[in-house]
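Read off the chains here:
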Amino acid sequence: QLSKRLKRVGEFVPEQSRLADIGSDHAYLPVALVLQSKIPFALAGEVVKGPFESAKKQVRKNGLEQQITVRLADGLDAVEKADEITAVTICGMGGSLIRDILDAGWNKQRLNGTEQLILQPNIGEKTLREWLTVHGYTILEEDILEENNKIYEIIVAARKATRIAYTEKEKLFGPILIQQRSTIFQKKWQRELKQREHILAQLAQAAGDQEARQEQLKREISEIKEVLVDES
Ligand code: SAM
């Protein structure tokens, strides 16, 4: 049984894709999609031995060794030309880690630019949208959902002939999410607002403390000088 988050990610994977799931952990997503017959082939990539073994076990348990290949590799190094990958999922990590994985893969030509990307950053969505924009990707779909009191975003992107120059605001909020302004979206940004207000109040308090300390030091300096003058 997939989590609500991974189920939603799976819904964005196009039918009949050849999928690379990078950072697959237990390979739950590829196993579920192959079992549903939504996709004929998947590659599960893992950089850590423990999750790599869990992924292999899960694939074996479901008798899917023919359809799912599990590889121990860093990011998109798991992808080989012969895999003919058409969709890539990278989920459950920070946006900057997903960005680093995409960037390394891009530089090593592990991505050919025709794959559909389905990304689910836990935080740092803006960083990821910035990378996508710079590399000519268009954001096709976005979603936001809540599970176990955590709010997750999903970003679906592909390279298109015409580039879209997203605004800073669109990169922060998501060009599609900001238009929909769903209840969960509002809940997320209420939380983010509170956090930022809290940090700002703390900074103001620290600035006030610093000012008081400066005044005290100035007072003491002039008192010391006065005493020293009296002595001489
Ligand atoms: N994708 C699954 C999900 O969304 O539920 C698992 C998420 S889990 C929190 C993140 C996984 O990514 C871990 O198993 C970790 O070992 C793997 N990972 C982190 N960096 C990676 C990299 N550079 N290449 C491949 N896997 C990586």
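All values reported here derive from a predicted model rather than from experimental measurement.

1. Looking at the domain arrangement of the protein chain
Segmentation of the protein chain into domains returns domain 1 (4–174) and domain 2 (182–232). Domain 1 and domain 2 are separated by 44 Å when their C-alpha centres are compared. Contacts between the two partners involve nine residues from domain 1, matched on the other side by seven residues from domain 2. The contact between domain 1 and domain 2 buries some 810 Å² in all, and 61% of this surface belongs to carbon and sulfur atoms. The largest per-residue losses of area from domain 1 upon contact with domain 2 belong to Ile144, Ile151 and Phe173, which jointly make up 57% of the total buried on that side. For the interface between domain 1 and domain 2, the tally reads four salt bridges.

2. Describing a nonpolar patch on the surface
Side chains of Ile199, Leu200 and Leu203 sit close together on the surface and give an oily, nonpolar patch of about 320 Å² of accessible area. Within the secondary structure, Leu200 is located in helix α8 (residues 183–231).

3. Observations regarding a negative patch on the surface
A cluster of like negative charges, contributed by Glu220, Glu223, Glu226, Asp230 and Glu231, occupies part of the molecular surface. Along the chain, Asp230 falls in helix α8. The class for Asp230 is exposed, based on a relative accessible area of 64%.

4. Description of the packing of aromatic side chains
Within the structure shown, the criterion is met by six aromatic pairs. Aromatic pair Phe185 and Trp189: ring centres 6.5 Å apart, planes at 55 degrees, arrangement tilted. Of this pair, Phe185 and Trp189 both sit in helix α8, four residues apart, roughly one helical turn. Aromatic ring contacts, followed pair by pair, group Trp106, Trp131 and Tyr137 into a single cluster.

5. Quick look at the pattern of salt bridges
Summed over all chains, the structure comprises 18 salt bridges. Glu11 is the partner of Lys7 in a salt bridge, and the nearest nitrogen-oxygen pair spans 3.6 Å. With Lys7 and Glu11 both in helix α1 (residues 4–12) and four residues apart, this pair spans about one turn of that helix. Overall, the relative accessible area of 46% leaves Lys7 in the partly exposed class. On the accessibility criterion, Glu11 (47% relative accessible area) is partly exposed. Lys171 is paired through a salt bridge with Glu168; the nearest N and O atoms lie 3.2 Å apart. Of this pair, Lys171 and Glu168 both sit in helix α6 (residues 168–173), three residues apart, roughly one helical turn. Taking the relative accessible area as the measure of exposure, Lys171 reaches 11% and is therefore buried.

6. Things to note about the sheet that holds strand β6 (residues 137–147)
Strands sit in the order β3-β2-β1-β4-β5-β7-β6 across an open sheet of seven strands; the sheet is mixed. For this open sheet the edge positions go to β3 (68–72) and β6, each flanked by a neighbour on one side alone. The average angle at which neighbouring strand axes cross in this sheet is 15 degrees, direction not considered. The sheet contact formed by strand β1 (residues 18–22) and strand β4 (residues 87–93) spans four bridges and is parallel. Among the inter-strand pairings, Asp21 is bridged to a residue of β4, identified as Thr89.

Definitions and cut-offs
- Residues numbered from 1 in each chain as written.
- Predicted model: local features only at pLDDT ≥ 70, side-chain atom pairs only at ≥ 80, totals over all residues.
- Heavy atoms only, no water.
- Domains from an automatic or database assignment.
- Contact = heavy atoms within 4.5 Å.
- Buried area = accessible area lost by both parts, 1.4 Å probe.
- Salt bridge = Lys/Arg side-chain N within 4 Å of Asp/Glu carboxyl O.
- Patch = residues over 30% accessible without salt bridge, like charges linked within 9 Å, V, L, I, M, F, W, Y side chains within 5 Å.
- Areas by Shrake-Rupley, 256 points an atom, 1.4 Å probe, with all protein chains shown as cover.
- Helix = DSSP H or I, 4+ residues; strand = E, 2+ residues; numbered from the N terminus.
- Lys, Arg positive; Asp, Glu negative; His and termini not counted.
- Charge placed at Lys NZ, Arg CZ, Asp CG, Glu CD.
- Buried < 20%, exposed > 50% of the residue type's maximum accessible area, 1.4 Å probe, protein only.
- Phe/Tyr/Trp six-rings, centres within 6.5 Å; stacked < 30°, edge-to-face > 60°.
- Pairing = 2+ DSSP bridges.
- Axes fitted to C-alpha atoms, helices over the stretch in contact; angles between N-to-C directions.

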